[in-house]
Each structure stands twice: as structure tokens, then as C-alpha cells.
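# Structure assessment
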Amino acid sequence: MQASNTPLRAAIAFAVLLTAPSATLHVGAQSATEPSRIAPQSVAEMRSWDTTVDRMTRDGGLKLRQRRDDPMLESRTHERFDQVHKGVRVYGADLSRQLEDGLTMSIFGSVQTQIALDDVTPTLTAADAREAIARESGAELPATYEPELIVLPLEGRFVLAYTGRAFGSEGLYRYFIDARTGAVLRALNDLKSQAAIGGGRGVLGDNKKLSINKVGSTYRAQDVMRPPSLLTFDMKGNLQRTLAFLNGVVTLGPNDLGQDSDNAWSDPAVIDAHAYSGYVYDYFYRRFGRRGLDGADLEVVSLVHPVDRNAVLSQPISIVGLFYVNAFYAGDGVMVFGEGLPASLTLAGRNWNYMAGALDIFAHELAHGVTDFSSQLIYENESGALNEAFSDIIAAGAEFYHQAAGNGPLRAEYLMGEDVVTPGGIRSLANPGDYGDPDHYSRRYVGPQDNGGVHINSTIVSHAYYLAIEGGTNRTSGQSVTGIGFANREQMERVSYRAFTQMMPANATFSVARAATLQAAADLYGAGSNAVRALREAWNAVGVN
Amino acid sequence: MECGGCQLTRALALAAALVETLGLSPVRAQSSNWGAWGANGYISLNGLYDTESRSSDLVTRPEINLEEATITASPETGRKPLYDLTAGGRVRGNLGFGFGVTFGAKTEDAPVRGSIPHPFYFNQPRTLDDSTTLERSDLLVHLAALWLLPVTDRLAVTAFGGPTWFQVKQETITNLTLRETFPFDRIAIDTVERERLTRSRWGYNAGFDVSYYFSRYFGVQGLVRYSNGTVTISTTRAESEPKLGGLHAGGGLRVRY
Ligand SMILES: [Zn+2]
């Protein structure tokens, strides 16, 4: 670390590394609200759960949320169910079922079997709850904002609550408001953040094509050639407008789009954001047959220049951590890419360029969107770490898909954000320990910071992914893995995609992830396949059973 | 590569066979018999057919999606009917001087192959395999020395050879728009921008005819003429070297005067 700017750097480091939720109540695992986890180990057990699922669906205890045809295997479909109690969704209780020609192939999830809550009539209206969230977050919320009524398992009891997301001075949080008393039960940091940055000139000076919409004599950063609309907005450093948009107070119009008069674009952050938005869409489409974040070509909105880079020294720490040295998925297809720091400033001994300049960061954030529309992995503890791991797995996959393997700028490897956070990036799937992250379950972080270690512990999972492809020896366990080989990496990408988007429940643990990925590998490549063997060895090597 | 000499040899062999078939064994010419010339010479009006199948690659390199595309159209330029007007006049003895004009035009399907840059990515061209129509016309002006061999009073064979001035008008593709949709892997031609290029050049011709007169003035003739030449069509956007002429065969009416 350099001697200059030490107070600022220390403060930013806190903002970036300690993404602690400002939970007003500590959440502990209580036996009365501990759900039954569903990860059948035998056919008989699966049949039993299958029967239970059918019965609960008939009785109104489960509600089908989504049914999608399998894009990889014909004749297979995937169903997602939410648990409902007297018509109200039970938060964090859901399951996924895979069918082949109507026959159940797998079930993963969790359900609450004993919900002690008779009255589901709220005292507060949704408008009351909106006010409470606005008060707590400091965000301006429009009249159309409607929190959802849920049954919340909390400290051994079940509470009728409202939940909704809001973007305030502390960032994007999910709030839980007691539907009877109006008390704030929890505030969960719901920001899918990627603390890494990027952008040189025109994405590290490389030449990219952009899919542009020409209107009159103006060229706008709106992709109208791909099935979804991909929009890149230039916030021109206006933080107030950025916040107003994220809170739904203002809408952005065509004049907010990145623009150019001669179609020879000059703003590197706009160029990269717009190009990478398409690159990632293409990756999901070509690799997995997925059409966008929701599988139905949801519009994607990328915001660049959310703040003024040169004003960083006068910004509150929370703003620096969110909008300068960070990128995040803000929900509903909206992504925000940090502005980076002036070249004269370093943070953690690194330079931070425009975040939009790194393909892996872009893919990571969009993968959060995919998770949002599929497994909805809850952003805390192990499910949160799985959420983060999936984003890193997709990020690495997209990089290898679009860039040549190698070290250095615009080359694909197993580092995260290395093109814009220099030198070295922020995480390594190959050697998590080099960045202080765990490579083995025994080293997992169990404290309250980082939403229970969602970023920190993600590397246990993503390292297993790395080992399953490349092979090698886990530094902690000393166990060796024979990988499927770089040339076959697509197999592990597809296995991960299948497990994470189609089979994993919202509250999955690492152990469920192991079972789901092995099931996915067996589905795609056969129970006796190299993929299944490598994956099993990899999970063993990182201590997840 | 075509073999011009072979074509000529083939043409002469064909003519010989024709003469044989008609039972017209050439009789040794008598130096006093110039009846075949008439008083001064002859004019013939012919319908010919360009017997060769011949295509030339017309290459265009327009900029598409910020990169250079390569588009190659290969129209069939042979195998077409031609109109021909030929005149000959006696100079001295069996020798004479000939003049001919041949014209032909056609519009035909041309296979179009291309390497078309991807809209989103550099260095990831797509393959185009489609067709379009291109128009082409040929004007040939022949000058020739003639050697006329009377067989009987009614029948004569003429051999000739000399320079030919070729003028070719060739439509080329300058650019095109594509029918394509996400993910832009498969492409087809939507519209074609064309340009007509005119080029001319000297080449040569050689051949023979066989004429038969019904009366003092009027007769019919069979004509075989081989001509050859090439032009280079090269602009900033297109390049090609179409082959000109070919083996033209046919017949028509002949009048001597
Ligand atoms: Zn993330």
C-alpha cells in the first residue's frame, strides 16, 4: 500500500470488503423453523418426496411458479414450486422437480412442515409497508411500489411480513416489515455486487463492434438486433439521477442512452458495456439455449458513469464502495457499472478502471440476473455463496468463450476482474488462497460479514468447478483431481448451468449443490461419465459431501 | 484453363466432318472459277450459338459490418445465342477481306459465394451461398483475311482469320444487403447493388464457313468461328478477368453480289 490517501483507501476497503447487512435482528437457526431439506439419496426417497409434492400441490401447500422445457435434453421439463401457507408464500421455501415424460427424475428443495401461524390477515396495508421501507432505506419509493406479503421463518417462529427491495444510501437491501406491528424485522443486503473495476480506452484499447439504434442522425446505445432490447445508459456522473432511477422515481428516456453523432464511438465505458451486454447474451444463448436473463428475452439495462470519477474524494464511503469500485445487478435486468478511480488513486494496492471494461464482471452480474429468474438463491450464507459462485462460473465460461486463453489483458483465465482491477483482479478460482479466500469447506467463513460470506465462501464451490475441469491438487486437503480437461470445459459449464438454474432450490446448501451438479452431470453425460467422476473428485477435494 | 488452339482444331474437325457428311468432297479448285465470290463479294446474316460453358469469377470486396467482405459471383457467360453479320470481298485470286459483327446479351442466374463479416464480432465471417442475376453483353467486331475454296458452282468453303475487337458490358455486384436474423449464422441475399462495367480489348478470330447457293445471288451458309481474348475488370471494388469470345457456330442466309 502506498502512503498517500491512506485514510480514503482504508475507508473504501471497509466499504468493499465488509458488505455486512445492517440486519436489525440477528438471525439464528432455530429448530422450529428449520425447513426439511430435500435432496433424496435413493429412488425410494425420491418417490416418497414426489408423492408429498403432489399431495401438497393438491392441498394448496405448493404453488407451481414456473414450468420450463429443458433446453438441453428433449422430453425433460423442470418445475419450480413455492410453498404457500393459507395462500401466502413462505419465504425461502421452494423446490424444483425434474420430469421426463411426466416421470420424476429429481427433486431438490426445502419445505416447512409445521407452520404455526393461523391468521394470515395483515394489519398493515401494502402502502403502510412501503412507507416503512422508504423510512428505513431513505429511498424515495413510487406509489406503484408494492411489497409482497409473506410468511417469514424467523428465530424459531413464523411471522407474517411484507418484503420489498429498496435502494437507499446504504445500497440495495431487501427489507422485511412485520405485517402486524410495522417493525423492521430484517434488512438483507440484496445487492449482487462485484467489487472489481474496469475500462481503459475503448475497453483496453481493443476494437469492438456495437449493435446500435440509429434514430434520425443520432446513434444510440440500444441493441435492436438481438431478441431482447439491450440498453446502455450514460448517467453522465449524475449520482442523484442514478439513485432516482434505481428507486423507480424517474424513468430513463432515449436521451439518456449512450449516444454518438457519427457512430465512431469514443466513450470506452459505453463501448464495453454495450458490447459485453451482447457478448453475454450470446454466450447464454449459444451455450445453453437460454434467451436472456428470464429465458424470455427480458430487456437488459446497463448504467455506466453513475458517478463522477473525479469527485471520488468528496463522496461518502458507501457511495465509493457502490458506484466507484463495484458493479452490481440491481434486479429486473438492471446493472450498474462503477466508475473506477482516478489513475492517481489506488485501493488495496490496485488500480481500478471502469468496471464495464471487464467481460467477466459483466457476465458475473448478468448471471445474478439469471439466478434471480431461476433458482433465486437467497443472498446469504451458503445459498448466497452458491449465488456468487454461479456468477463466477458463468464469468469464467463467458471469458473462455469469447477470449483466447492466456494471461494478460483480454485473455481468458480463472481470475475475476483482472482486466480492470490491476494487477491481479479480485478472486481466483484456481488458487482462492492467493486472495485470502477459502479453497476448502473446513476453511469456510462463518461470521456475519459479507452476508455470511457470500463472496468469501463462493470460492469453495468455484474452485471445485475449476478442479473438475483443469484437475490438480487442493492445497488444503491435498486431494488430487483428474479434470475433464480444458477441451471439454463446455461439459462442466453445462452441468453447472443445469444444476444452478434448473435444479437448485433457493436455500440450497453446498451439499445440495454437490448433489444437484452430480445429478446434472449424470443427466447430460451419463452416470458413469468422466464428468460425473471428475465432479465427484472435485467436491471431495474441497470437502463438500 | 481453356485451350484456344484445341478449340480451333475441334472446330475445323467439325467442319471437315460436316463437309464429309454432306457428301461434298472438295474438288481441286480451278483458278478460273470465281463464281463463288459473285461479282464482288458476299454478305451473310447468321444466328450463332456460343457453344462453350464459361463462367468467370467476379470478385467484389465491399465493407460490410466494419470489415471487408469478399463476394464472388460466377455468372455463366457462354451458352448464349448471338446475332452475326458478316461480309467478304475479293481482293485477289482466292484471297479476300472479311468484316463481321457479332452481338449477344443475356441475363442469367449467377452463383454467389461470399465471406461476410459478422455484425457483432470481428474475424468471425459467415459463409454466403446464394445466387443472383447478372446481365452481360458482348460485341465482337472481326476483321479477317479470307481464303475461298470453290467446290462446285454452288458450293464453296471459306477459311478465315484475323483480329477481333471485343467490347464487354458486365454487371457486377458492388454491394448487397442480407436476409439474416439472430444469431446471424445463416445468411441469404436480400437485395443486390449492381454496376455495369464496360471494357474493350483486341483479340483474334479464326474459322471457316460452307456456303451453298440456290440461285445466282442467294444461298445459305454454315459458319464456325473461334475467337479469343480476355479483359481485366478492375475497379476499387471489383476485379475479374472475364474470358471473351469462344467457339460460335451457326448459320444463316448469304447473298453474293
Ligand atoms: Zn456477485
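This is a predicted model, so every value here is computed, not measured.

### Details of the sheet that holds strand β12 (residues 218-220) of chain A
Residue and element names in this part refer to chain A.
- Pairing is antiparallel in the open sheet, where three strands are placed in the order β11-β12-β15. Edge positions in the open sheet fall to β11 (213-215) and β15 (259-260), since each of these has one partner strand only.
- Looking at chain direction, β12 and β15 are connected through two bridges and run antiparallel. Bridging from a neighbouring strand, Arg 220 pairs with Gln 259 of β15.

### Side note on the interface of chain A and chain B
- Chain A puts 14 residues into the contact, and the matching count from chain B is 13 residues.
- Counting the surface chain A buries against chain B, the share from its top three residues, A:Lys209, A:Met225 and A:Arg286, is 57%.
- Counting across the interface, chain A meets chain B through two salt bridges.
- Salt-bridge contacts for A:Arg286 lead to B:Asp185; the nearest nitrogen and oxygen are separated by 3.0 Å.
- Put simply, chain A and chain B have seven residue pairs in polar contact (both at pLDDT 80 or more) between them.
- Per element, the largest residue contribution to the side of chain A that touches chain B is six residues, and it comes from helix α5 (residues 268-288) of chain A.
- Each residue belonging to the side of chain A that touches chain B can be placed in one class, and the counts come to five nonpolar, four polar and five charged.

### With respect to the domain arrangement of chain A
- Domain boundaries in chain A define domain 1 (22-111), domain 2 (126-189), domain 3 (201-345) and domain 4 (358-545).
- Here the C-alpha centre of domain 3 of chain A lies 28 Å away from the C-alpha centre of domain 2 of chain A.

### Observations concerning the coordination of the zinc ion
Residues and elements named next belong to chain A.
- The protein atoms that coordinate the zinc ion are His 364 (NE2), His 368 (NE2), Glu 388 (OE) and Glu 388 (OE), at distances spanning 2.0 to 2.5 Å.
- Geometry at the zinc ion is irregular, judged from the four donor atoms that bind it and their angles of 56 to 132° at the metal.
- Read in sequence order, the donor residues for the zinc ion give the motif H-x3-H-x19-E. With His 364 in helix α7 (residues 359-372) and Glu 388 in helix α8 (residues 381-402), this residue pair connects regions lying 24 residues apart in the sequence.

### With respect to a nonpolar patch on the surface
- A cluster of nonpolar side chains, B:Ile43, B:Leu45, B:Leu85 and B:Tyr257, forms an exposed patch at the surface whose accessible area comes to about 390 Å².
- Here B:Leu85 is to be found in strand β6 (residues 81-92).

### Re the side chain of B:Thr102
- Considering the arrangement of structural elements, one finds B:Thr102 in strand β7 (residues 95-116).
- In this structure, B:Thr102 is in contact with B:Leu48, B:Leu82, B:Tyr83, B:Asp84, B:Asp138, B:Leu139, B:Leu140, B:His142, B:Arg225 and B:His248, ignoring residues within four places of it in sequence.

### Thoughts on the packing of aromatic side chains
- Taken as a whole and assessed by the stated rule, the structure comprises 25 aromatic pairs over all chains.
- Judged by centre distance (5.4 Å) and plane angle (85°), the ring pair of A:Tyr283 and A:Phe288 falls under edge-to-face. An identical accessibility class is assigned to A:Tyr283 and A:Phe288; each is buried.
- Ring centres of B:Tyr204 and B:Tyr226 lie 6.3 Å apart, and the angle between their planes is 50°; on these two criteria the pair is classed as tilted. With B:Tyr204 in strand β10 (residues 187-213) and B:Tyr226 in strand β11 (residues 218-230), this pair connects stretches of sequence that are 22 residues apart.

### Quick notes on the pairing of strand β5 (residues 103-111) of chain A
Residues and elements named next belong to chain A.
- Where burial is concerned, most of β5 is hidden: seven out of the nine residues are buried.
- Bridge analysis of strand β1 (residues 36-38) against β5 gives three bridges, and the strand direction is antiparallel. Of the residues in β5, the one forming a bridge with Ile 38 is Gly 109.
- Judged from the six bridges that link them, strand β4 (residues 88-100) and β5 form a sheet pairing that is antiparallel. Its bridge partner being in β5, Arg 97 is matched across the sheet by Ile 107.
- Between β4 and β5, which follow one another and run antiparallel, lie two residues, and Asp 101 among them has a positive phi close to 50°.

Conventions we followed
- Residues numbered from 1 in each chain as written.
- Chains lettered and ligands numbered in written order.
- Predicted model: local features only at pLDDT ≥ 70, side-chain atom pairs only at ≥ 80, totals over all residues.
- Heavy atoms only, no water.
- Pairing = 2+ DSSP bridges.
- Helix = DSSP H or I, 4+ residues; strand = E, 2+ residues; numbered from the N terminus.
- Contact = heavy atoms within 4.5 Å.
- Buried area = accessible area lost by both parts, 1.4 Å probe.
- Salt bridge = Lys/Arg side-chain N within 4 Å of Asp/Glu carboxyl O.
- Polar contact = N/O pair within 3.5 Å; in protein donor to acceptor, adjacent residues only side chain to side chain.
- Nonpolar A, V, L, I, M, F, W, Y, C, P; charged D, E, K, R; others polar.
- Domains from an automatic or database assignment.
- Donors = N, O, S within 2.8 Å, 3.2 Å for Na, K, Ca; no water.
- Tetrahedral: all angles 85-135°; square planar, octahedral: opposite > 155°, others 65-115°.
- Patch = residues over 30% accessible without salt bridge, like charges linked within 9 Å, V, L, I, M, F, W, Y side chains within 5 Å.
- Areas by Shrake-Rupley, 256 points an atom, 1.4 Å probe, with all protein chains shown as cover.
- Phe/Tyr/Trp six-rings, centres within 6.5 Å; stacked < 30°, edge-to-face > 60°.
- Buried < 20%, exposed > 50% of the residue type's maximum accessible area, 1.4 Å probe, protein only.

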